[in-house]
Amino acid sequence: TRAGDWYEAADIYRDWATSSGGSAPPWCKNGPKRTQSERTCAKWLQEEVALATFGISSRRDQSAWLGAFHKAIGAPVFHILGFDWETIDNSASDAGLMDLERRWLNLKNVAAIRKAGDYFAVFKVDFWLSKSVSEFSRLRHGETGHHFVDGGKSKVWMCPLSPDWQNFYVHRDRTLTGAADLRCDALYNDISVCCAAPLSCLNPLHGHPSRGKSATIVQGYRALLNRSHEACAADKGGKRVPIGTEVITENLIDVMDFCQSRAMAGIQGAFEWKGDPSGRVTMIPMFDYVYHEFGPVRLDGFAKASRRFGDIFYFIAARVYLYGAILELNYEFSALELFEGMKGSTHYLTYDYWTEFIEDQSPQAVCSEYLEFASRMASARVGFGCDYLCWGKMMPPLPISSQVPKLMLDYDHYNVFKEEDSHRSGVVEAEAVVTSGWRNGPRLGFFMANISSSVISVECVFDPTRYGFGSSYQVDLVGQSKRLKLLTAEGKARLKIEAPPRDVVMLEVLPLTGSRAASTEKTPRP
């Protein structure tokens, strides 16, 4: 019989998308990231980063907060700093070079990030250009014919097949990553080819067919992004400079290294799916299931570090990490929280008025319990679960046979993009144990995060035939500071553990020497 679940459908799609056959798409041809060289895969992004922030002001001095945040997490953080470095007159994203030349990126922030051993990129809208910037006069032949008004200024979308625009594009990226006082670790492209950029060009001067559309333009984007990769890697001794984007589309997963995704925030999200408090809709990690070992690292969760955000924080963080992504704290629409010892106001930028810098006279305090939980979850990603959560192939989780408590989690959606949504608050129901399953070579890793404040007894059954696994195996219970051999078994086995409160553990399944080791990369069904 067939299982009839979404994993079965995803297995069929994954077998096609990641195959090497002639009918397979090109975006997985480089192979799994764990097999790639430093020229095509930035290892620091894959396996070192514990947490990410998005939208903190680039221009204002936020160095004290950046230092305090790193101290609280205790592991490398990836900061995508806000767009206010890229504007001349408070209308965002001119996308010219004057901002770089004037160094509106506050170098105190850069120094704080470097001192902590963290990483950063700056927000960049990469495929539009303001008509008011000095470069427009020589680049205007690269426009696609798509014009719009934004921030009170006339702007145009540029074509990736325009030679003049290509040269400017690569020069700008090399300036960001190569200038001695900046040396951005990564490049972030917002409102780019994966989000809102036109897939047509009305300008016949670029060598593509008149009114070029769809595949031609997408191939142009791919080629230009690869050209940027090659140029920046040459400046960095052959090492990959990651390029990220807002959201992701699958035909660009081999040229994009990370993406800002927001869907795991559920009802706390401001752009994608807003969630379903009634529980009738269930989110599934299908993109991770199909592409995790090939595709970009996801930054997800759209979270805040304050108690006002609500205990939904535990649920969001657990899902993000156990689905192979990195938790993002978002500061686009509400202020930085205060760490212990900090006083006064904090600030944030906002899209609502394009780069208006808003002061919050009564900012929220950091909820230490939330950051401690995030740090524990991150320790699974960059520590004992790295082979799976950073490099692995997603598998169905272990089915739990014991009763799992339901929790009512409060939330307050105050990090609001007013043009897209509005304030909301309430409670959502969620299971107290979040699970996921992973494969790396002949080993399996099954993760369980208990988001409640009490120990939970969990019973589950491991059936090796479901995972194409050998009949003889060992199961270890692994945590942040321990590894305990649970059992050795033949065939099906019942597993029992005590899941610690607000923590995460892994059940690792290892083939025993001489057994029929797990060699297939498919997931057989009963």
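Here's what I pulled together on the structure shown here.

1. Describing the packing of aromatic side chains
(1) Moving on: Using the criterion set out here, one finds 42 aromatic pairs in the structure.
(2) Moving on: With 5.3 Å between their ring centres and 70° between their planes, Trp6 and Tyr289 make a pair best called edge-to-face. Taken together, the residues Trp6 in helix α1 (residues 6-17) and Tyr289 in helix α9 (residues 286-291) connect sequence positions 283 residues apart. With respect to class, Trp6 is no different from Tyr289; both count as buried.
(3) Moving on: Centroid distance Tyr314 to Phe373: 5.1 Å. Interplanar angle 85°. Geometry classified as edge-to-face. Of this pair, Tyr314 sits in helix α10 (residues 312-322) while Phe373 sits in helix α11 (residues 368-384), and the two are 59 residues apart along the sequence.
(4) Moving on: Classification of Tyr314 as buried rests on a relative accessible area of 3%.
(5) Moving on: Clustering of aromatic rings is evident, with ring pairs tying together Trp44, Phe54, Phe78, Phe83, Tyr119, Phe123, Tyr188 and Phe258.
(6) Moving on: Against the face of Phe357 rests Arg60, its NZ or CZ located 3.9 Å from the ring centre.

2. With respect to unusual backbone geometry
(1) Moving on: One non-glycine residue, Arg183, lies in the positive phi region at around 50°.
(2) Moving on: Summarising the element assignment, Arg183 is placed in the loop between α7 (163-178) and β7 (187-190).
(3) Moving on: Residue class for Arg183 comes out partly exposed when judged on its relative accessible area of 38%.

3. Comments concerning the side chain of Glu328
(1) Moving on: Tracing the chain through its elements places Glu328 in strand β13 (residues 326-330).
(2) Moving on: The charged side chain of Glu328 is buried without a salt bridge, its nearest counter-charge being Arg262 at 6.8 Å.
(3) Moving on: Only 3.3 Å separates the side chain of Glu328 from the side chain of Gln260, close enough to count as a polar contact.
(4) Moving on: Only 3.0 Å separates the side chain of Glu328 from the side chain of Asn330, close enough to count as a polar contact.

4. So, the pattern of salt bridges
(1) Moving on: Considering all chains together, one arrives at 21 salt bridges under this definition.
(2) Moving on: The residue Arg39 makes a salt bridge to Glu230 at a minimum N-O spacing of 3.2 Å. Of this pair, Arg39 sits in the loop between α1 and α2 (43-47) while Glu230 is found in helix α8 (residues 215-235), placing the two residues 191 residues apart along the sequence.
(3) Moving on: Judged by its relative accessible area of 44%, Glu230 is partly exposed.
(4) Moving on: With its nearest N and O atoms 2.9 Å apart, the salt bridge here joins Asp412 to Arg308. One end of the pair, Asp412, is in strand β17 (residues 406-413); the other, Arg308, is in the loop between β12 (297-303) and α10, and 104 residues separate them in sequence.
(5) Moving on: According to the relative accessible area criterion, Arg308 is partly exposed, its value standing at 35%.
(6) Moving on: Salt bridges here are not isolated pairs; linked through shared partners, they connect Asp387, Arg443, Asp476, Arg483 and Glu508.

5. Remarks on the sheet that holds strand β6 (residues 153-158)
(1) Moving on: Strand order across the open sheet formed by three strands is β4-β6-β5, with antiparallel pairing between neighbours. Looking along the sheet, the strands with just one partner apiece sit at the ends: β4 (128-130) and β5 (143-150). The average angle at which neighbouring strand axes cross in this sheet is 30°, direction not considered.
(2) Moving on: Two elements, β5 and β6, share five bridges in a ladder whose sense is antiparallel. In the strand pairing of β6, Val149 is matched with Ser154.

6. With respect to the environment of Ile312
(1) Moving on: Along the polypeptide, Ile312 turns up in helix α10.
(2) Moving on: Between the C-alpha atom of Ile312 and that of Arg14, which follows or precedes it by 298 residues, the distance is 31 Å.
(3) Moving on: The contacts of Ile312, once residues within four sequence positions are left out, are Ile267, Gln268, Leu409, Asp410, Tyr411 and Val428.

Rules of the game
Residues numbered from 1 in each chain as written. Predicted model: local features only at pLDDT ≥ 70, side-chain atom pairs only at ≥ 80, totals over all residues. Heavy atoms only, no water. Phe/Tyr/Trp six-rings, centres within 6.5 Å; stacked < 30°, edge-to-face > 60°. Helix = DSSP H or I, 4+ residues; strand = E, 2+ residues; numbered from the N terminus. Buried < 20%, exposed > 50% of the residue type's maximum accessible area, 1.4 Å probe, protein only. Lys NZ or Arg CZ within 6 Å of the ring centre and 35° of its normal. Lys, Arg positive; Asp, Glu negative; His and termini not counted. Salt bridge = Lys/Arg side-chain N within 4 Å of Asp/Glu carboxyl O. Polar contact = N/O pair within 3.5 Å; in protein donor to acceptor, adjacent residues only side chain to side chain. Pairing = 2+ DSSP bridges. Axes fitted to C-alpha atoms, helices over the stretch in contact; angles between N-to-C directions. Contact = heavy atoms within 4.5 Å.

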